[in-house]
Each structure stands twice: as C-alpha cells, then as structure tokens.
Amino acid sequence: MSEKLDKYIAKKKLGFSDLTRSIRVHKVCYLFLLPYAVLFITFYVLPMITSIYFSFTNYNILEKPDFIGARNYLNLFLEDDVFTTAVKNTFLIAIITGPVGYILAFIFAWLINELPKWIRTLVVFFFYAPSISGNAYFVFKQLFNDDQNGWINRALANLGLTNAPIMFLTNPAIGLKVIIPIILWMSMGAGFLSFVAGLKGIDKAQYEAGYIDGIQNRWQELWFITLPNMKPMLLFGAVMSITSAFGVCDVTMQLAGYPSTEYYARTIVTHLFDYGFTRFEMGYASAIATVLFLTMILCNKVIQKLLSRVGH
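Throughout what follows, the structure given in this document is the object of discussion. Residue numbers restart at each chain and count upward from 1, following the sequence in its written direction. Local features are withheld for residues below a pLDDT of 70 in this predicted model, meaning they are given only at 70 or higher, and side-chain atom pairs are given and counted only at 80 or more; totals for whole chains, interfaces and linings count all residues. Hydrogen atoms and water are omitted, and side-chain values are computed over all heavy atoms in the structure.

## Describing the overall build of the protein chain
Logical step 1: Helix and strand assignments follow DSSP, with helices taken as H or I runs no shorter than four residues and strands as E runs no shorter than two, numbered in order from the N terminus. Looking only at helices and strands, the protein chain has 15 helices and 2 strands in total.
Logical step 2: Along the longest, intermediate and shortest principal axes, the C-alpha atoms of the protein chain span 70 × 60 × 40 Å.
Logical step 3: Two residues qualify as a contact provided that any one of their heavy atoms is within 4.5 Å of a heavy atom in the partner residue. Of the contacts made within the protein chain by residues no fewer than 6 positions apart, 65% connect residues no fewer than 24 positions apart.
Logical step 4: We score Asp and Glu as negative and Lys and Arg as positive, and we do not count His or the chain ends. By convention, the point assigned to a charge is CZ for Arg, NZ for Lys, CD for Glu and CG for Asp. Distance between charge centroids for the protein chain: 9 Å, based on 25 positive and 19 negative side chains.

Structure representation (structure tokens):
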C-alpha cells in the first residue's frame with residue numbers, strides 16, 4: 001500500500017513539474033488565458049466551493065450561517081422522502097434521455113451523413129431547433145393540456161371518442177410517459193450537431209486505407225475508423241447529455257406544475273429550486289447541489305472510461 005502511495009505521489013510531483021515547465025515555456029499563451037481563468041474561477045470555482053461550505057451549515061440568507069456538520073446530508077438521505085422520489089425520477093429521466101438520447105443522436109447523425117446537403121440541413125435544423133428555442137415545450141403544453149382547450153383533448157372530443165378531458169399532465173400514472181419523450185427530443189440537439197460536424201471532419205482517405213488494411217463492412221468501419229476519430233465530439237456530446245439529463249427542471253415544472261401531483265415529476269433540480277428559492281433554506285439546497293455535482297462528476301468519469309475503449 002505504501003509503495004503504491006509513493007508511486008502516486010511521485011507521479012503527481014512529476015505532473016506538477018511538467019506543468020510548471022510548460023507555464024514557463026508558454027507563459028505568453030497562459031497570459032492570454034488569464035482573463036478567462038479569472039472569470040472562470042470567480043463565477044464557477046468559488047461559487048462551487050462556497051456551496052460545498054454552505055452545505056454543512058444552516059443558512060437562510062438573512063442570518064449568519066450556522067455550522068451543523070453533516071446534518072443536512074443525513075436529513076437528505078434518511079428523512080427526506082420527497083428527495084428519494086426526486087432521485088428516482090431524475091435517474092429514470094437520465095437513463096432514458098441520457099444514453100438513449102446520446103445513442104440516437106449519433107445514429108441519426110451517422111445515417112444522414114451521406115444524404116444530399118439540402119436534406120441534411122433540414123434534418124439538422126429539425127433536431128437542433130429545440131436546443132435553441134428554450135420554450136419549445138410550451139407547444140406540448142398546448143398539445144397535452146388537461147382541459148378541453150388542449151389540442152388532443154379537443155380533437156378526441158370532436159371525434160366523439162371521449163366524454164371528459166384526459167389528464168395527460170396531472171395524472172401520475174401517465175404524466176412521465178408524456179413528459180420524458182418531450183425531454184428526450186429537446187435534449188438531442190447539441191450532441192447531434194457536434195456528431196454531424198465530427199463526421200464531416202473525418203478524412204475520407206482513412207476509409208480507403210482501412211479497406212486496404214482489412215476493413216470488411218460498415219460496422220468495422222464505424223468501430224475502427226469513425227468512432228476513434230470522433231472521440232472529442234463523443235466526449236462533448238456525453239458531457240452535454242449528462243448535464244441536460246441531470247439538470248431537468250424547467251420542462252417538468254412547466255408541464256406538470258410546481259409542485260406536481262404526488263411529486264410524480266419531481267427531480268433533484270426541482271427539489272433544489274424548492275428549498276433554495278421557495279423556502280430559502282440555502283444550506284439544505286447547497287447539500288442537494290453538492291450531491292448532484294458529485295453524481296455528475298462520477299457519471300462523467302464512467303463515460304470517459306467507456307469512451308477510452310472505443311476502437312480497441
């Protein structure tokens with residue numbers, strides 16, 4: 001154990017010395033990066049550290065923070081039943097809209113890569129439009145509205161198929177079945193666009209060389225040439241997918257209400273919003289934010305580990 005620790009420390013010292021040497025050699029480049037570094041530390045790193053500190057306190061904004069140790073975390077995991085529901089909903093949404101959305105975005109980008117330019121442009125616009133129109137879910141709000149003014153309910157009533165409006169968004173039994181496909185469609189844009197750009201940037205000569213070296217079909221071409229060349233785009237798409245999957249809040253709040261019926265659409269971010277901006281219990285909200293941050297970091301590490309095996 002001691003030998004492994006010594007090797008780890010030596011490796012870190014070597015990495016630090018390499019970084020120091022790089023800073024001395026490229027000091028002009030780092031000088032140009034300084035303004036961004038200052039802004040990044042000020043608006044991202046320091047708030048994150050402050051939030052972690054507040055997570056160990058009882059803090060309501062108006063009074064001085066009172067250090068209470070790990071009580072917020074104990075209450076969060078042992079006594080907060082609504083948080084348990086929020087975790088279940090968040091992971092359900094993340095599993096469907098994260099990996100499924102990520103894979104679908106790549107498959108669609110791969111399939112349209114060989115289409116004529118004007119068709120490819122229309123398809124890219126269709127997939128990317130929800131990402132740049134932040135309130136696109138309001139269209140679905142009108143579509144699935146629970147009263148007789150909802151487009152689907154009105155159509156069903158006009159056809160004589162229903163006597164009363166269907167509670168699409170307030171019925172816990174069917175609410176998530178309606179909301180999750182909406183979230184999935186809205187989460188695919190950024191990753192899809194990066195995949196399209198990555199596919200167009202691959203040198204076609206690599207495919208010709210691959211077939212000379214023994215590539216026999218499109219699947220081998222995908223695994224040994226396409227995916228290894230797209231690792232940066234794959235990682236970017238994974239990060240965006242994780243962020244959007246675990247950061248779901250606005251869509252569920254607007255469609256299912258706040259709070260939703262029996263908390264059926266409660267997510268971790270909605271729970272954080274409730275305690276932070278409705279109840280002003282910032283210490284407890286910071287604990288929720290810290291748990292969410294660590295979960296996203298862990299998922300990001302797992303994705304990086306999986307992507308490192310691509311092409312091997």
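What follows continues from the structure just given.
## Notes on the pattern of salt bridges
Logical step 1: Note on definitions: salt bridges are taken to be side-chain nitrogens of Lys or Arg within 4 Å of carboxyl oxygens of Asp or Glu. One pass over the full model with this rule turns up 2 salt bridges.
Logical step 2: Between Asp274 and Arg266 there is a salt bridge, with the nearest N and O atoms lying 2.5 Å from each other.
Logical step 3: Relative accessible area decides the class of each residue, using a 1.4 Å probe on protein chains only: under 20% of the type maximum gives buried, over 50% gives exposed, and in between gives partly exposed. For Arg266, a relative accessible area of 3% translates into the label buried.
Logical step 4: Taking the shortest distance from any N to any O, the salt bridge between Arg279 and Asp274 comes out at 3.0 Å.
Logical step 5: Counted as one network, the salt bridges with shared partners bring together Arg266, Asp274 and Arg279.

## Remarks on the packing of aromatic side chains
Logical step 1: By convention, a stacked pair of Phe, Tyr or Trp rings (six-membered ring in the case of Trp) has centres within 6.5 Å and planes under 30 degrees apart, an edge-to-face pair has planes over 60 apart, and any other such pair is tilted. A complete count under the given rule lists 13 aromatic pairs for this structure.
Logical step 2: Ring geometry for Tyr102 versus Phe195: centroids 5.5 Å apart, planes at 75°, classification edge-to-face. With a gap of 93 residues between them, Tyr102 in helix 4 (residues 81–112) and Phe195 in helix 9 (residues 189–200) connect regions that are remote in the sequence. Here the two residues Tyr102 and Phe195 agree in accessibility, since each one is buried.
Logical step 3: With 5.7 Å between their ring centres and 80° between their planes, Tyr258 and Phe273 make a pair best called edge-to-face. Residue Tyr258 is found in the loop between helix 13 (250–256) and helix 14 (268–278), and its partner Phe273 is found in helix 14; the two are separated by 15 residues along the sequence.
Logical step 4: Taking relative accessible area as the criterion, Tyr258 reaches 32% and is therefore assigned partly exposed.

## What to know about helix 15 (residues 282–307)
Logical step 1: To estimate how far a helix should reach, multiply one less than its number of residues by 1.5 Å. With 26 residues, helix 15 ought to run about 38 Å at 1.5 Å a step, and its terminal C-alpha atoms sit 37 Å apart, in line with that.
Logical step 2: Inspection of helix 15 places Met282, Gly283, Tyr284, Ala285, Ser286, Ala287, Ile288, Thr290, Val291, Leu292, Asn300 and Leu307 among the buried residues, and these make up the whole buried set.
Logical step 3: Packing partners of the buried residues in helix 15 comprise helix 2 (27–54), strand 1 (57–58), helix 3 (71–78), helix 4, helix 12 (231–246) and helix 14.

## Here's the deal with the side chain of Ser286
Logical step 1: Here Ser286 is to be found in helix 15.
Logical step 2: Looking at Ser286, the relative accessible area reads 9%, which means it is buried.
Logical step 3: Not counting residues up to four positions away in its chain, the partners in contact with Ser286 are Ser51, Phe54 and Ser55.

## Overview of the packing of helix 2 against helix 15
Logical step 1: For every element, the axis is a line fit to its C-alpha atoms; helices are fit only across the contacting stretch, and the angle between N-to-C directions ranges from 0 to 180 degrees. Where helix 2 contacts helix 15, the axes come no closer than 7 Å and their chain directions differ by 120°. Classified by the angle their axes make, helix 2 and helix 15 are oblique. For the crossing formed where helix 2 meets helix 15, the hand is left-handed. Between helix 2 and helix 15, the residues in contact are Met48, Ser51, Ile52 and Phe54 and Gly283, Ser286, Ala289, Thr290 and Phe293, respectively.
Logical step 2: Looking at the contact of helix 2 with helix 15 residue by residue, the class counts come to 5 nonpolar, 4 polar and no charged. Orientation is classified from the angle alone, with under 35 degrees giving roughly parallel, over 145 giving roughly antiparallel, 65 to 115 giving roughly perpendicular, and any other angle giving oblique. Each crossing is labelled by how the near helix is turned from the far one, with a counterclockwise turn of less than a right angle marking it left-handed and a clockwise turn marking it right-handed. Gly falls in the polar group here, along with every residue not listed as nonpolar (Ala, Val, Leu, Ile, Met, Phe, Trp, Tyr, Cys, Pro) or charged (Asp, Glu, Lys, Arg).

## Notes on unusual backbone geometry
Logical step 1: Here the bond from Tyr258 into Pro259 is cis, since omega is 0°, no more than 30 degrees from zero.
Logical step 2: Look at Glu262: it is not a glycine, yet its phi comes out positive at around 55°.
Logical step 3: With respect to the helices and strands, the residue Glu262 is situated in the loop between helix 13 and helix 14.
Logical step 4: Phi is positive for Tyr263, close to 55°, though the residue is something other than glycine.
Logical step 5: Relative to the assigned elements, Tyr263 resides in the loop between helix 13 and helix 14.
Logical step 6: The partly exposed category is assigned to Tyr263, whose relative accessible area is 32%.

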